[in-house]
Amino acid sequence: MMAPRPSLPPAETDLAIVGGGSVAVSFLYQFLLAQNAAAATRPPAIHLFEPQADPGPGGAYQDDLPSNLLNIPAGNMSARADRRLDFVDWLREQDPAWLHGYGVTAIDPSDFLPRPLFGAYLRAVYARCQTLARTLGVALAHVPSRVRRVAPLPDGRVLVEPEQGAPLRARYAVLCNGNLPSQAFPALEGAPGYFNSPYPVSALAADIAPDAPVCVVGTSLSAVDAVAALQQAGHRGPILCTSRNGRLPSVRSPHNRPPDMLRQLSRDGALLLAARHGGALSLDVVWDALRNEVLALGGSLDDDDVFGLDGDARAALDAEIRRSAAAARPWQAVAAATNAAVDQIWHLLPLSERGRFQSDWRSLWMARRATFPMRNALKLQALLETGQLRVAPGYLDSVHNPADGAFHTRLRTADGEITHSSRYLINATSFSVDAARTQDPLVAALLREGHARADPQGGLALDYATGCLQDAHGHSQAGISVLGSLAGGTYFWTTSMDVNARLAQGQAERIAAALAATDPGSPGDTPSLARWTAHRPPHPAPAASS
């Protein structure tokens, strides 16, 4: 009998990037730019794990209907933290006929554009990364697989095990593995007519009968996207949109202009503010600072303006549209400008204050802080006026009855309870941030093996300064860091591209410098960026199918 062959040790790589969506590509691009500045003696090897054939769009910016709009102005959507208009500049280079197919006839940084356009931009950014990697001599490999396990090794490296293919040992691993699926309705999974997410909204248009009653659970941005898609597809049946508070998001005023600077809610300002209050902030101090910033911009924190009118959703939306059409809304501009410091403000709040925010304010503030474009507001207004759409508070629960094939949704009203029946139910309550309950194989394995712990505010617990994962004992895993929605408990607002690009830039520069400092290679000629004209080679227009 032949002796068994000894197993080969895992292949080596310098950097493993888990996930290939918007945050991963932003990190990769900025890492490659930082790599040249780090002056490493040996170009690193990079493996990017992404099951989709084309890294870039991920789940958030895939091909979809043109009605599915970005909820952030184009001027704040960039894969580079130091080039806020990179997306806008790229759009201006594209074929006008291709853009016209998405209903875009002019490019303005304040526009809310179709999400698939940002997905096409991210594909182009990944193509830039491939060109830049070749210029620098960096070995960049796309591994078309999910990752099922990441674990620190005794020698300080990180074991990365994909679902398909051989494992790797990496010097650093960055987890950018996207949003966890919603866990709001586990009992409805698999029920015919149930959608656990509105995305891609093209599936709603394709799979929902045009005359059937539809219930959308949630009244925030995802719910708006779902209703707008149904309207765009010519849906004729009644639509109920419901949540506990029944509040629609705030309509962003097209007259808003960013403040020249924030005094108290900038990064430096927040540190000074905390120093005046014993080294920490409180919600009351932050609210007062927000008020001062809004007053300096000529506005006010009127409750009806910030939190919306209580009561009838149609009247509340009419008031929102009137306010936003008439003039700028300074509180919206100030809230958007705090993105530059929101992670630091959150970090300066004690755990007790963070818990207070989560229990008392998060639902309402998050529903209003993330504004939506006037174009979609007018669509909802038209549906409310005809009575086809109803927005209601008091949501209690939803069950599916196999006997009649209907979803029965209970609502609490002033007179008791009512039950609404629908053929379809769309879960628009957003993705999950509860890492402890997820069935995601990678996250579950990290927690089960003690390499990570769940953050009580959502996602995984991280070291604030580095983004490195904290294990079950609170020790930082120096070789494993996290970006994106799983970093939300540490950095709070990780659903915004400008925040994620800034956090990605920080990690990219830190890891590039660390690799250069510990590079075991011998000195030699390192390819430079001389051939990388302004870091931005010309981008051919995407094919019409993009």
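Residues numbered from 1 in each chain as written. Predicted model: local features only at pLDDT ≥ 70, side-chain atom pairs only at ≥ 80, totals over all residues. Heavy atoms only, no water.

A. The arrangement of the overall build of the chain in detail. Along the backbone of the chain there are 18 helices and 16 strands. Taking 546 residues into account, the globule formula puts the C-alpha radius of gyration at 24 Å, and the chain, at 24 Å, falls close to it. In the chain, of all internal contacts separated by at least 6 residues, the share reaching a separation of at least 24 is 74%. Surface accessibility of the chain: about 23300 Å² in total, with carbon and sulfur atoms responsible for 54%. Averaged over its 47 positive side-chain charges, the chain has a centre that lies 2 Å from the centre of its 51 negative ones. (Helix = DSSP H or I, 4+ residues; strand = E, 2+ residues; numbered from the N terminus. Rg over C-alpha atoms; globule rule 2.2 N^0.38 Å. Contact = heavy atoms within 4.5 Å. Areas by Shrake-Rupley, 256 points an atom, 1.4 Å probe, with all protein chains shown as cover. Lys, Arg positive; Asp, Glu negative; His and termini not counted. Charge placed at Lys NZ, Arg CZ, Asp CG, Glu CD.)

B. Representation of the packing of aromatic side chains. A full pass over the atoms with the stated rule returns 19 aromatic pairs. Both rings, one in Tyr 61 and one in Phe 118, keep their centres 4.8 Å apart while their planes meet at 70 degrees; by these two values the pair is edge-to-face. Taken together, the positions of Tyr 61 in the loop between β2 (45-49) and α2 (86-92) and Phe 118 in helix α4 (residues 115-136) put the pair 57 residues apart, joining distant regions of the chain. The interplanar angle of 10 degrees and the centroid separation of 6.1 Å between the aromatic rings of Trp 287 and Phe 307 together place this pair among those described as stacked. A residue pair is termed long-range when its members are at least 10 positions apart, and Trp 287 in helix α8 (residues 283-296) and Phe 307 in helix α9 (residues 303-307) qualify at 20 residues. (Phe/Tyr/Trp six-rings, centres within 6.5 Å; stacked < 30°, edge-to-face > 60°.)

C. The arrangement of the nonpolar core in detail. Counting residues in hydrophobic clusters, the biggest one holds 142 residues, and the most contacted among them are Phe 27, Phe 31, Phe 87 and Val 216. A total of twelve residues in this core trace back to one element, the largest contributor, which is α4. Not counting residues up to four positions away in its chain, the partners in contact with Val 216 are Ala 223, Ala 226, Val 227, Ile 239, Leu 240, Cys 241, Thr 242, Ile 426 and Ala 428. (Core = buried A, V, L, I, M, F, W, Y, C linked by side-chain atoms within 4.5 Å. Buried < 20%, exposed > 50% of the residue type's maximum accessible area, 1.4 Å probe, protein only.)

D. Examining the pattern of salt bridges more closely. Scanning all chains against the criterion turns up 25 salt bridges. Put simply, Arg 356 and Asp 284 hold a salt bridge, and the shortest N to O gap is 3.3 Å. Residue Arg 356 is found in helix α13 (residues 351-360), and its partner Asp 284 is found in helix α8; the two are separated by 72 residues along the sequence. Using a relative accessible area of 28% as the deciding quantity, one classes Arg 356 as partly exposed. Asp 302 is paired through a salt bridge with Arg 323; the nearest N and O atoms lie 3.7 Å apart. Here the residue Asp 302 occupies a position in the loop between α8 and α9, and Arg 323 occupies one in helix α10 (residues 313-326), the gap between them amounting to 21 residues. Accessibility expressed as a relative area gives 34% for Asp 302, which makes it partly exposed. Arg 323 gets classed as partly exposed once you look at its relative accessible area, which sits at 34%. (Salt bridge = Lys/Arg side-chain N within 4 Å of Asp/Glu carboxyl O.)

E. Highlighting the sheet that holds strand β14 (residues 424-427). In spatial order, the strands read β7-β14-β8-β9-β10; together these five strands make up an open sheet with parallel pairing. Two strands lie at the open edges of the sheet, namely β7 (194-195) and β10 (389-392), each paired on one side alone. In terms of strand pairing, strand β9 (residues 239-242) meets β10 through four bridges, oriented parallel. Paired with Ile 239 across the strands is Leu 389, a residue of β10. (Pairing = 2+ DSSP bridges.)

F. Expanded view of the environment of Thr 219. In this structure, Thr 219 sits in the loop between β8 (214-217) and α6 (221-232). Between the alpha carbons of Thr 219 and Leu 248 there is a distance of 5.3 Å; along the sequence they are 29 residues apart. A distance of 2.8 Å separates a polar atom in the side chain of Thr 219 from a polar atom in the side chain of Ser 243. (Polar contact = N/O pair within 3.5 Å; in protein donor to acceptor, adjacent residues only side chain to side chain.)

G. Inspection of the layout of surface pockets at higher detail. Taken as a whole, the second largest pocket spans an internal volume of roughly 520 Å³. Taken together, 20 residues line the second largest pocket, and the ones lying closest to its centre are Leu 283, Val 286, Trp 287, Phe 357 and Trp 365. Sorting the residues of the lining of the second largest pocket by element identifies α8, α12 (342-347), α13 and α14 (362-369) as the ones contributing at least two each. Sorting elements by how many residues they give to the lining of the second largest pocket places α8 first, with five residues. (1 Å grid on protein atoms, 1.4 Å probe; cavity = no way out; pocket = protein on both sides within 12 Å on 5 of 7 lines; lining within 4 Å. Points joined across faces, edges and corners; volume = space filled by probe spheres on them.)

H. The arrangement of the packing of α6 against helix α15 (residues 374-386) in detail. It is the contact of α6 with α15, at a shortest axis distance of 10 Å, that shows an interaxial angle of 70 degrees. With respect to α15, the element α6 is oriented roughly perpendicular. For α6 against α15, the interelement crossing comes out left-handed. On α15, the residues that touch Val 224, Asp 225, Val 227, Ala 228, Gln 231 and Gln 232 of α6 are Asn 376, Lys 379, Leu 380 and Leu 383. When the residues that make up the contact of α6 with α15 are grouped by side-chain class, the tally is five nonpolar, three polar and two charged. (Axes fitted to C-alpha atoms, helices over the stretch in contact; angles between N-to-C directions. Parallel < 35°, antiparallel > 145°, perpendicular 65-115°, else oblique. Left-handed = near helix turned anticlockwise from the far one by under 90°. Nonpolar A, V, L, I, M, F, W, Y, C, P; charged D, E, K, R; others polar.)

I. Fine view of the packing of α10 against α15. Two elements in contact, α10 and α15, have axes separated by 10 Å at closest approach and are oriented at 145 degrees. Considering only the axes of α10 and α15, their crossing is left-handed. Judged by residue contacts, Ala 313, Arg 314, Leu 317, Asp 318, Ile 321, Ser 324 and Ala 325 of α10 engage Met 374, Ala 377, Leu 378, Leu 380, Gln 381, Leu 384 and Glu 385 from α15. The residue makeup of the contact of α10 with α15, split by class, is nine nonpolar, two polar and three charged.

J. Examining the pairing of strand β5 (residues 158-162) more closely. The buried fraction of β5 is high, at five of five residues. Burial along β5 is two-sided: the residues Val 158, Val 160 and Pro 162 and Leu 159 and Glu 161 are all buried. In terms of strand pairing, strand β4 (residues 147-152) meets β5 through five bridges, oriented antiparallel. Bridge pairing links Ala 151 to Leu 159 in β5. The hairpin turn running from β4 into β5, its antiparallel successor, is five residues long, and Gly 156 in that turn takes a positive phi close to 95 degrees.

K. Region of interest: the pairing of β2. Along β2, five of the five residues are buried, which leaves the element largely enclosed by surrounding structure. Bridge count for strand β1 (residues 11-18) against β2 is four bridges, and the pairing is parallel. When the sheet's bridge partners are listed, Leu 15 is paired in β2 with Ile 46. Direction of pairing for β2 relative to strand β3 (residues 139-143): parallel, over a ladder of five bridges. Within β3, the position partnered with Phe 49 by the bridge is Val 143.

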